[in-house]
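Each chain is listed here by its residues.
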Amino acid sequence: MSFIAIIGSGPLGGAIAHKLAARDRVREVRLIDPQERIAQGKALDILQSSPIENFGTRLLGSGSLAAVAGAGAIVIADGASGEHTGEAGLALLRQIAALETSAPIVFAGAAQRELITRAIGELHIASSRTVGSAPFALESALRSLTGLSMDGSGVEVGITVVGVPPHAAVVAWEEASVSGQPLASQLPPHEISALQARLSGLWPPGPYALASAASRVIEAIVNGSRRRFSCFVAAGRGTVGAMPVELGEEGVRRVLEPVLTRQERTRLENAMSR
């Protein structure tokens, strides 16, 4: 099993490394940051918790981007100044694309949708290699709120979030379920409307929620999964938005069409045309 390369050892990068290590489903995690001592220190700190948390994942810190070569997946996270975005993020991706030409790239940050668009359009990185995991964190937060509204657990709730968070996110309420039953039969319309109104306030998710979402997406890529994930992906016509996807070792295997009402479909089309 190949290793996972995380670019950036900021709060998000460190949280992803810890989450992946603690779940013990990847062989090795490399934290890569120009501030090599910070990357090495965080890797060592996580590694020292392994006897307590009972995991065997190997962690390394590096200051060289060349350490991405041969990775099973590359994660774009954050540095001391925040998430990798804008021109600096694009320059970083240009170097990564030259060093590793086939590994899927997971954009873990909430502010990286534009970077995905530019990676595909300007750097010509294959759209199947690029996936943003932040919408999955938003979906998880909405599931938790929905569970609380029913005085239950979000674990039993199935909801799909698509579109462009925060203000153009669309919830597929028509196909939402709880414990195998339609959500609409368990919650009155006014409570569903209240949940919809709170959606924009859930964005951006915090680093731990983003890290949890990214770790599930990474594991689905390197180990395989039948689960569907709401992620930022290329949605046609040069746009990038959140859609349910199936993932594998090559990245995005298939973009799926959510079940939407006519009104929800119109909102999604408007979101994707922005």
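Before any of the text, the structure's been laid out above.
All of these numbers come straight from a predicted model, not from anything done at the bench.

Draft legend 1. Spatial organisation of the packing of aromatic side chains. All told, the structure shown has two aromatic pairs when counted by the stated rule. When the ring of F136 is compared with that of F229, the centres are 5.1 Å apart and the planes differ by 75°; the resulting orientation is edge-to-face. Of this pair, F136 sits in helix α6 (residues 134-149) while F229 sits in strand β14 (residues 229-234), and the two are 93 residues apart along the sequence. F229 matches F136 in its accessibility class, with the two residues each being buried. Their ring planes at 75° and their centres at 6.3 Å tell us that W203 and F232 sit as a pair that is edge-to-face.

Draft legend 2. Spotlight on the sheet that holds strand β9 (residues 157-158). Strand order in the open sheet made by the three strands is β9-β12-β13, with antiparallel pairing throughout. The open sheet terminates on both sides in strands that have one partner only, identified here as β9 and β13 (181-182). Both strand β12 (residues 177-178) and β13 contribute to a ladder of two bridges, which runs antiparallel. Residue pairing across strands places S177 opposite P182, the latter belonging to β13.

Draft legend 3. Broad picture of the packing of helix α4 (residues 86-99) against helix α5 (residues 113-121). Taken N-terminus to C-terminus, the directions of α4 and α5 make an angle of 45°; their axes are 10 Å apart at the nearest point. Between α4 and α5, the angle falls in the class oblique. Viewed along their axes, α4 and α5 form a crossing whose handedness is right-handed. Here G86, E87, G89, L90 and L93 of α4 come into contact with α5, specifically with L115, R118 and A119. Looking at the contact of α4 with α5 residue by residue, the class counts come to four nonpolar, two polar and two charged.

Draft legend 4. Representation of the layout of surface pockets in the model. If you add up the space inside the largest pocket, you get close to 330 Å³. For the largest pocket, the lining is made up of 22 residues, of which D33, P34, G79, A80 and H84 are closest to its centre. Sorting the residues of the lining of the largest pocket by element identifies β6 (82-83) and α4 as the ones contributing at least two each. A class-by-class count of the residues in the lining of the largest pocket yields eight nonpolar, 12 polar and two charged.

Draft legend 5. A look at the pairing of strand β11 (residues 168-171). Neither face of β11 is exposed, since A168 and V170 on one face and A169 and V171 on the opposite face are all buried. As judged from the four bridges shared by strand β10 (residues 161-164) and β11, these two strands associate in the antiparallel manner. Bridging from a neighbouring strand, G163 pairs with A169 of β11. Between β10 and β11, which pair antiparallel and follow one another directly, the connecting turn spans three residues.

Scoring rules and cut-offs
- Residues numbered from 1 in each chain as written.
- Predicted model: local features only at pLDDT ≥ 70, side-chain atom pairs only at ≥ 80, totals over all residues.
- Heavy atoms only, no water.
- Phe/Tyr/Trp six-rings, centres within 6.5 Å; stacked < 30°, edge-to-face > 60°.
- Helix = DSSP H or I, 4+ residues; strand = E, 2+ residues; numbered from the N terminus.
- Buried < 20%, exposed > 50% of the residue type's maximum accessible area, 1.4 Å probe, protein only.
- Pairing = 2+ DSSP bridges.
- Axes fitted to C-alpha atoms, helices over the stretch in contact; angles between N-to-C directions.
- Parallel < 35°, antiparallel > 145°, perpendicular 65-115°, else oblique.
- Left-handed = near helix turned anticlockwise from the far one by under 90°.
- Contact = heavy atoms within 4.5 Å.
- Nonpolar A, V, L, I, M, F, W, Y, C, P; charged D, E, K, R; others polar.
- 1 Å grid on protein atoms, 1.4 Å probe; cavity = no way out; pocket = protein on both sides within 12 Å on 5 of 7 lines; lining within 4 Å.
- Points joined across faces, edges and corners; volume = space filled by probe spheres on them.

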